[in-house]
Amino acid sequence: MKLKVLRADPAGNITLFVLDPVGKAQRGKLAERLMALSRFQAEQVGYVCETADGTDGHMEMAGGEFCGNATRAFGMLMAKRKGLHGRCRLTLEVSGCEKNVGVEVDLDNGTARAEMPLPLFARKETVGGVSGTLVHLGGIAHFIVEDVEPSIAFFLAAEPMFFALEGLDAYGVMFHDSKTHRMTPLVKVPAANSLVWEGSCGSGSLASAIAQSEGMSDGEFERDYIQPAGTVRATAVRKGGEVVAAYIGGSVTLDEPVEVEI
């Protein structure tokens, strides 16, 4: 099988977009094979789908999950395909979101900012004596912890917590270092059979901003989350203590499309 693919780099969260049509039943296994190709060093795979009326593009992740970084990169891709210039706003249909997503693209500066789903909840949980914040964003959830050595062992200890949540397509643990202010994301997408130390995680950045803004009544909480391969700026807007708007932004680069044989 020959496929046309494009490698995107949204703040180090390497995403491979498949530009040819692929049926849903094939996407998970195909993503495994594409991610195994060392030339791309891809952490996740998205599929460009037929665009519906009223939107500027349609993209679905391999596991049907929502990914903020992939959405930002897809917005950049669609803006370039449309021949747009400077600052522009696109409306996209993406997996894991019931509503269309707005993405603001700055083609001159190579950045993109995406709207993000609002949290269903954020609550304190304890794993192995470690207290953290569990943030449920709908199709994806993250456990935010500080000063825990990043490890698969801790992830596995926390994983049963996610099994109790309905409708999850993906979940992760965000390891924060309070001294260096760096974040290390470890994310699992069961349908794609992947557990990945991501270069950066958009939804994990937002979940962190939500967790760290708990207790704030009104206003905008914004922070740059420095991660192994890039930085994501996450914004949580609160009113009366509730999160009423959320965004992530940062750099995006796109390679030229290439053809691969799988």
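A quick note: this is a predicted structure, and the numbers were derived from the prediction, not measured. (Residues numbered from 1 in each chain as written. Predicted model: local features only at pLDDT ≥ 70, side-chain atom pairs only at ≥ 80, totals over all residues. Heavy atoms only, no water.)

So, the pairing of strand β3 (residues 44-49)
- Of all the six residues making up β3, six are buried; the element is thus mostly covered by neighbouring parts of the structure.
- Here β3 shows a buried face lined by Gln-44, Gly-46 and Val-48 and a second buried face lined by Val-45, Tyr-47 and Cys-49.
- Bridge count for strand β2 (residues 15-18) against β3 is four bridges, and the pairing is parallel. In the strand pairing of β3, Leu-16 is matched with Val-45.
- Once you follow β2 into helix α1 (residues 24-35) and on to β3, the crossover reads as right-handed.
- Pairing of β3 with strand β4 (residues 57-61), which is carried by four bridges, proceeds in the antiparallel orientation. From the neighbouring strand, Tyr-47 faces β4, where its bridge partner is Glu-60. (Buried < 20%, exposed > 50% of the residue type's maximum accessible area, 1.4 Å probe, protein only. Helix = DSSP H or I, 4+ residues; strand = E, 2+ residues; numbered from the N terminus. Pairing = 2+ DSSP bridges. Right-handed = clockwise from strand over helix to strand, strands pointing away.)

Thoughts on the layout of surface pockets
- By volume, the largest pocket amounts to about 480 Å³.
- Around the largest pocket sit 19 residues that line it, and Cys-97, Lys-99, Met-116, Pro-117 and Leu-118 are the ones nearest its centre.
- The dominant element in the lining of the largest pocket, judged by the number of residues it contributes, is strand β16 (residues 242-254), at four residues. (1 Å grid on protein atoms, 1.4 Å probe; cavity = no way out; pocket = protein on both sides within 12 Å on 5 of 7 lines; lining within 4 Å. Points joined across faces, edges and corners; volume = space filled by probe spheres on them.)

Regarding the nonpolar core
- Counting 70 residues, the largest nonpolar core has Phe-17 and Val-105 as its most contacted members.
- Ranked by the residues each element gives to this core, the list is headed by helix α2 (residues 68-81), at seven residues.
- Sequence-distant contacts of Phe-17, that is, excluding residues within four places in its chain, are made with Lys-4, Val-5, Leu-6, Ala-8, Gly-46, Val-48, Met-59, Ala-70, Ala-73, Phe-74 and Leu-77.
- Counting residues in hydrophobic clusters, the runner-up holds 17 residues, among them Val-127, Val-145, Leu-165 and Tyr-171. (Core = buried A, V, L, I, M, F, W, Y, C linked by side-chain atoms within 4.5 Å. Contact = heavy atoms within 4.5 Å.)

Some words on the packing of aromatic side chains
- The tally for this structure, following the rule as stated, stands at six aromatic pairs.
- With a centroid separation of 6.0 Å and an interplanar angle of 55°, the aromatic rings of Phe-17 and Phe-74 are classed as tilted. With Phe-17 in strand β2 and Phe-74 in helix α2, this pair connects stretches of sequence that are 57 residues apart. The same class applies to Phe-17 as to Phe-74, namely buried.
- Ring centres 6.4 Å apart and planes at 10° place the aromatic pair Phe-143 and Phe-154 in the stacked group. Here Phe-143, found in strand β10 (residues 140-146), pairs with Phe-154, found in helix α3 (residues 152-163); they are eleven residues apart in sequence, far enough to count as distant. Of the two residues, Phe-143 and Phe-154, neither departs from the other in class, the shared state being buried.
- Taken together, the ring pairs in this structure connect Phe-143, Phe-154, Phe-175 and Trp-197 into an aromatic cluster.
- Note that Arg-113 overlies the ring of Tyr-247, its terminal NZ or CZ placed 3.9 Å from the centroid. (Phe/Tyr/Trp six-rings, centres within 6.5 Å; stacked < 30°, edge-to-face > 60°. Lys NZ or Arg CZ within 6 Å of the ring centre and 35° of its normal.)

Remarks on the side chain of Ser-208
- With respect to the helices and strands, the residue Ser-208 is situated in helix α4 (residues 202-212).
- Classification of Ser-208 by relative accessible area gives buried; the value is 0%.
- Look past the residues within four positions of Ser-208 in its chain and what remains in contact with it is Ile-144, Met-174, His-176, Met-183 and Tyr-225.

Brief notes about the pattern of salt bridges
- Scanning all chains against the criterion turns up 14 salt bridges.
- A salt bridge links Asp-56 to Lys-82; the shortest N-O distance between them is 3.8 Å. Highlighted residues: Asp-56 in the loop between β3 and β4 and Lys-82 in the loop between α2 and β5 (87-94), separated in sequence by 26 residues.
- The class for Asp-56 is partly exposed, based on a relative accessible area of 23%.
- Using a relative accessible area of 44% as the deciding quantity, one classes Lys-82 as partly exposed.
- Among the salt bridges present, the one from Glu-214 reaches Arg-238, with a minimum N-O distance of 2.8 Å. Taken as a pair, Glu-214 in the loop between α4 and β14 (219-227) and Arg-238 in strand β15 (residues 230-239) lie far apart in primary sequence, 24 residues in all.
- Residue Glu-214 is classed as partly exposed on the basis of its relative accessible area, which comes to 43%.
- On the basis of relative accessibility, which here comes to 4%, the residue Arg-238 falls in the buried class.
- Within the structure, one salt-bridge network assembled from shared partners comprises Arg-89, Glu-104, Arg-113 and Glu-115. (Salt bridge = Lys/Arg side-chain N within 4 Å of Asp/Glu carboxyl O.)

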